[in-house]
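# Overview (structure and organization)
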Amino acid sequence: MQIKRVFRFLKSKKEDKKASLYCFLTGLIICMLMAVFLYPENITIDFLKTKISEDSKIQLELEEYSYTSKRFFVNIDEKNYSLVIFLDDLQKSERELKELNIELPNKELSWFQSQKYYYYSGVFFYLNLIFLLIFIKKEYQSFKDKKSGFDIEKIDVGFDKVAGIDSIKEDLEEVVEHFMNGEKVKEYGGKVLSGVILHGPPGTGKTLMAKAVAKESNAHFIAASGSQFVELYVGMGAKRVRSIFNEARKRKPCVIFIDEIDAVARKRTGNSGGSEEYDQTVNEFLAQMDGFKDNDGILVIGATNRLEQLDDAILRPGRFDRKINVDTPTLKGREEILNLYISKNKKIDKVDVKKLAKVTPRFSGADLKNLVDQAIYLAIKEKSKLVRENHFLVAKDKIELGGERDLDMTEEDKKITAYHEVGHMFLSYFYKVGKVEKVSIVPRGQALGVTQISNEESVSYSKDQLMGQLAMLLGGRVAEQIFFNHQSTGASNDIMKATGLARKMVCDWGMSSFGPINISNNMDKFSE
C-alpha cells in the first residue's frame, strides 16, 4: 500500500506529506542498512595483531583505492573486517604485515570494482536527494496556493455523482463540449465560451455543478468567494483578481469558480469615495475576462442567487456568455437526490422515496441532505438500529415547523386553537387548495397549531387559485370570529403570509382593479 502511495505521490500534482516523508525515510533506512551490512568493521594493524593466532585463516583482498589510501577486505576465521592503509604509511604497514606473515595483494581492480560501495551509496544518496527536492517543490507549491487564498485542486465529482439536474444537464454538457473543443470552435470562426452564470435559490447545488463541469472537462479547479476580492485598501481587490487569473493561466485548462459573485460584480454606482475600491475591482474583473490577454483554456463560472444585482457589463456576451437557472429540483429530481443519499446507507431501512419526494415540495438539494441527517439524528436519539420512514416524516416536520414546545396552555386556548385550525382545513377543502395532510394543536416553533396542506406542484397559478389560498390563510381568523366572536393573536403568521400574497397579486401580477400593470418597487429593470 505504501509503495502504491509513493507512485501516486510522484504522479500527482498535489502534496502528500506522509508519502513524501515515507520516501525520504525509506531511502535513509536503506543507506543505514548498507552501512551496517555492506561495510565491514574498520580495524587497524594493531587491532589485527590481537585477532590473529597461529591457527587463524586469513584472506586479504584489495577492496578499493583512492589517491590517498587503500582499503583492504580482511577475512579472519570467516569474520569480515575492513583495513584502511594510507599511502603515506604504505611501506611501514607492509613491514608490519610481513611480520604477521601477511602479503599485500598487488592485483589491480577496475574502477567500478574499486568504487562499487561509493557507487551504491551514491545512488541511494541521490535518490534520497531527488525525493527531498520533489517534496520541497510540492510543499512550496502548496504554500503558494495557500498564500494565494484560493482553493486549487483536481476534482473527482462528475455528472454521474450529481442527481436531480436533468433539466439543466444538457446545458452543462454543452458548456463542457464548447470548453473542451475550443480549437474546433475557432476553426468555424466562433469565439470560445468564456463564462457561465449559475443563478438560483441557495442550496440547489451550484458549487457541485461547477465542480462537475471541471471534472468532465478534465480541468483544474480554482474556487474563490466573491467576498475574498473585497478589500479595505484601494487596489488590493484588483490585485487579487489579477492573481486568480494568473494562477489559472499557469494551469490551463482551468475552471475558475467564484461563489456569491454578486459581492464582487455588483452594479457600479459611479460615485467617488467609499465605492472607488469596489469599482476598480469590478473594472479589473471586466478587463481580465474580456480584455487584451488571451483566456483560451480558462472558463469562469459564477454562482449567485441575486442575478438582478450584477453589473450589466459583466453579463454581456464575451464575458458571461451563458446564464443557467438552477432552480429547486422537481419531484423526479428530489426522488433521485434522496435515492443518492439513502440507497448506499445500510443503516437506513426500506423507505418509500417517492412518498418522501412528494411531501417535500420546494426542498433544495441541501434541504434534502439536511432531512436525511436529521432523520439519522432522531434514530440515534431513540437508539434505533435502523433509520425508518417515520424518522424522516418527523424530521420533515421539525425542519419546516420547528420542534415541539411544552407550553402551559389553558383549555380555552386549546379550544380556540382547535377551531382556528379547523377553519384552515374547511376552507382548504371548500376552495380545493390541496389535500390536508395533518392537523395538530401541538405547539411547534412560533405556531400554536399547524395545518399541513399538500398541493400539486405548478409553475403558474390562476387568480382563482390564489384567491382560494388567501381564503384558506384567513380561515382561522374567520372561525374565531364566528364561534368565539373575538380576534386573537394566533392569526399573526397567517395575516403576514396573506398580506405578502395579496401584495404580489396587486403589485407584481396585475390581478387588481388597477389593471395589468406592475407597481412594485423593483422598477430598475424597466428603465433601460
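Rules and cut-offs
Residues numbered from 1 in each chain as written. Predicted model: local features only at pLDDT ≥ 70, side-chain atom pairs only at ≥ 80, totals over all residues. Heavy atoms only, no water. Phe/Tyr/Trp six-rings, centres within 6.5 Å; stacked < 30°, edge-to-face > 60°. Helix = DSSP H or I, 4+ residues; strand = E, 2+ residues; numbered from the N terminus. Buried < 20%, exposed > 50% of the residue type's maximum accessible area, 1.4 Å probe, protein only. Lys NZ or Arg CZ within 6 Å of the ring centre and 35° of its normal. Axes fitted to C-alpha atoms, helices over the stretch in contact; angles between N-to-C directions. Left-handed = near helix turned anticlockwise from the far one by under 90°. Contact = heavy atoms within 4.5 Å. Nonpolar A, V, L, I, M, F, W, Y, C, P; charged D, E, K, R; others polar. pLDDT = per-residue confidence, 0-100. Expected span 1.5 Å × (residues − 1). Arc of directions from axis to C-beta.

Turning next to the packing of aromatic side chains. This structure, assessed with the given rule, holds six aromatic pairs. Between Phe221 and Phe257 the ring centres are 6.0 Å apart and the planes differ by 20 degrees, which places this aromatic pair in the stacked class. Of the two residues, Phe221 is situated in strand S7 (residues 220-225) and Phe257 in strand S8 (residues 254-259); the sequence distance between them amounts to 36 residues. In this structure Phe221 comes out as buried when scored by relative accessible area, which is 1%. Given a relative accessible area of 2%, Phe257 falls into the buried group. Summarising the aromatic geometry, the rings of Phe245 and Phe285 are spaced 6.1 Å apart at their centres and angled 75 degrees between planes, so their arrangement reads as edge-to-face. Of this pair, Phe245 sits in helix H10 (residues 236-250) while Phe285 sits in helix H11 (residues 276-289), and the two are 40 residues apart along the sequence. Among the residues examined, Phe245 registers a relative accessible area of 0% and is labelled buried. On the basis of relative accessible area, Phe285 is assigned to the buried category, the value being 0%. Grouping aromatic residues by their ring pairs yields a cluster made of Tyr419, Phe483 and Phe484. Here Lys369 stacks its cationic end above the ring of Tyr341, 5.7 Å away from the centre of that ring.

For the pair helix H15 (residues 365-381) and helix H16 (residues 389-401), interaxial distance at closest approach is 8 Å and the crossing angle is 115 degrees. Regarding H15 and H16, the two cross each other, and that crossing is right-handed. Residues Asn370, Leu371, Val372, Gln374, Ala375, Leu378 and Ala379 of H15 form the contact with H16, whose own contacting residues are His391, Phe392, Val394, Ala395, Lys396 and Ile399. A per-class count over the contact of H15 with H16 returns nine nonpolar, three polar and one charged.

The predicted model of the protein chain has a mean per-residue pLDDT of 76, with 72% of residues at 70 or higher. Low pLDDT, under 50, characterises residues 523-528; the stretch is placed with four contacts to residues that sit more than four places away or in other chains.

The subject of this paragraph is helix H17 (residues 411-430). For H17, spanning 20 residues, the distance from its first C-alpha to its last is 28 Å, which sits close to the expected 28 Å at 1.5 Å a residue. All of the buried residues in H17 are Ile416, Thr417, His420, Glu421, Gly423, His424, Leu427 and Ser428. Down the axis of H17, the buried side of the element spans an arc of 140 degrees, and every buried residue falls inside it. The outward face of H17, more than 90 degrees from its buried face, is lined by the exposed residues Glu411, Phe426, Tyr429 and Phe430. In this structure, the buried side of H17 is in contact with strand S11 (435-440), strand S12 (450-454), helix H18 (463-473), helix H19 (475-484) and helix H20 (492-507). Lys432 lies just past H17 and shows a positive phi near 55 degrees.

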